[in-house]
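These are the residues of each chain, in order.
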Amino acid sequence: QVQLVESGGGLVQAGGSLRLSCAASGRTFSTYAMGWFRQAPGKEREFVAAIKWSGVTIYADSVRGRFAISRDNAKNTVYLQMNSLKPEDTAVYYCAARRVGVSSSHNDYDYWGQGTQVTVSS
């Protein structure tokens, strides 16, 4: 069982930056692939970025070059550095864990955090 707790969300102006953190419980964190998803009001949950245990990363086209996912296995934490934020990045951001490999499909993830709100003002 893995429990995930996100933090770091908030209100920021367009062009600004935020860093989200996701703290995970469990001794096998280092073997899990970790992902970030987001959901805006009235929209479906969408993939943002994911990182394999080895450090291999994948990104959604909409955030590539602006966002960076990373992980610290010693701290059981995954991060999402978000730069050059746009109003369309406004959403609740969720951290997720998956036992095997990275995936951009939310259906493939086994564990989810409660989410953290990110609001980007224009």
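Here, the structure is the one placed above.
Residues numbered from 1 in each chain as written. Predicted model: local features only at pLDDT ≥ 70, side-chain atom pairs only at ≥ 80, totals over all residues. Heavy atoms only, no water.

Colleague: How do you make sense of the sheet that holds strand E8 (residues 77-82) when you look at a structure like this?
Modeller: A sheet is described by the order of its strands in space; here four strands give the open sequence E1-E3-E8-E7, paired in antiparallel fashion. Edge positions in the sheet fall to strand E1 (4-7) and strand E7 (67-72), since each has one partner strand and no second. Across the sheet, the mean angle separating the axes of adjacent strands is 15 degrees when strand polarity is ignored. Two elements, E1 and strand E3 (residues 18-24), share four bridges in a ladder whose sense is antiparallel. Paired with Leu4 across the two strands is Ala24, which belongs to E3. (Pairing = 2+ DSSP bridges. Helix = DSSP H or I, 4+ residues; strand = E, 2+ residues; numbered from the N terminus. Axes fitted to C-alpha atoms, helices over the stretch in contact; angles between N-to-C directions.)

Colleague: Sorry if this is basic, but what is going on with the side chain of Glu6 here?
Modeller: Tracing the chain through its elements places Glu6 in strand E1. Despite its burial, Glu6 remains without a salt bridge, the nearest opposite charge being carried by Arg45 at 7.6 Å. Polar contacts involving the side chain of Glu6 include one to the main-chain amide nitrogen of Cys95, which spans 2.8 Å. Setting aside residues no more than four positions away along its own chain, Glu6 makes contact with Ser21, Cys22, Trp36, Tyr93, Tyr94, Cys95, Gly113, Gln114, Gly115 and Thr116. (Buried < 20%, exposed > 50% of the residue type's maximum accessible area, 1.4 Å probe, protein only. Lys, Arg positive; Asp, Glu negative; His and termini not counted. Salt bridge = Lys/Arg side-chain N within 4 Å of Asp/Glu carboxyl O. Polar contact = N/O pair within 3.5 Å; in protein donor to acceptor, adjacent residues only side chain to side chain. Contact = heavy atoms within 4.5 Å.)

Colleague: Is there a simple way to explain the pairing of strand E5 (residues 46-51) in this structure?
Modeller: Working note: regular strand, side chains alternate between the two faces of the sheet. Counting buried positions over the six residues of E5 gives five, a clear majority of the element. In terms of strand pairing, E5 meets strand E6 (residues 57-59) through three bridges, oriented antiparallel. Its bridge partner lying in E6, Ala50 is registered against Ile58. The antiparallel pairing of E5 with E6 creates a hairpin that spans five residues between the two strands, and Gly55 there sits at a positive phi of about 105 degrees.

Colleague: What should I look at first to understand the packing of aromatic side chains in this one?
Modeller: What characterises a pair of aromatic rings is the spacing of the ring centres plus the angle enclosed by the ring planes. Counted by the stated rule, this structure contains six aromatic pairs. Each ring, one from Phe37 and one from Tyr109, has its centre 5.2 Å from the other, and the planes form 75 degrees; the classification is edge-to-face. In this pair, Phe37 is assigned in strand E4 (residues 33-39) and Tyr109 in the loop between strand E9 (91-98) and strand E10 (111-112), connecting sequence segments 72 residues apart. Here Phe37 matches Tyr109 in class, with each residue buried. On the basis of relative accessibility, which here comes to 1%, the residue Phe37 falls in the buried class. A connected cluster of aromatic rings, assembled from ring pairs, spans Phe37, Phe47, Tyr94, Tyr109 and Trp112. It is Arg45 that lies over the ring of Tyr94; its NZ or CZ is 3.8 Å from the centre. Above the plane of the ring of Trp112 lies Arg45, whose end atom (NZ or CZ) is 4.8 Å from the centre. (Phe/Tyr/Trp six-rings, centres within 6.5 Å; stacked < 30°, edge-to-face > 60°. Lys NZ or Arg CZ within 6 Å of the ring centre and 35° of its normal.)

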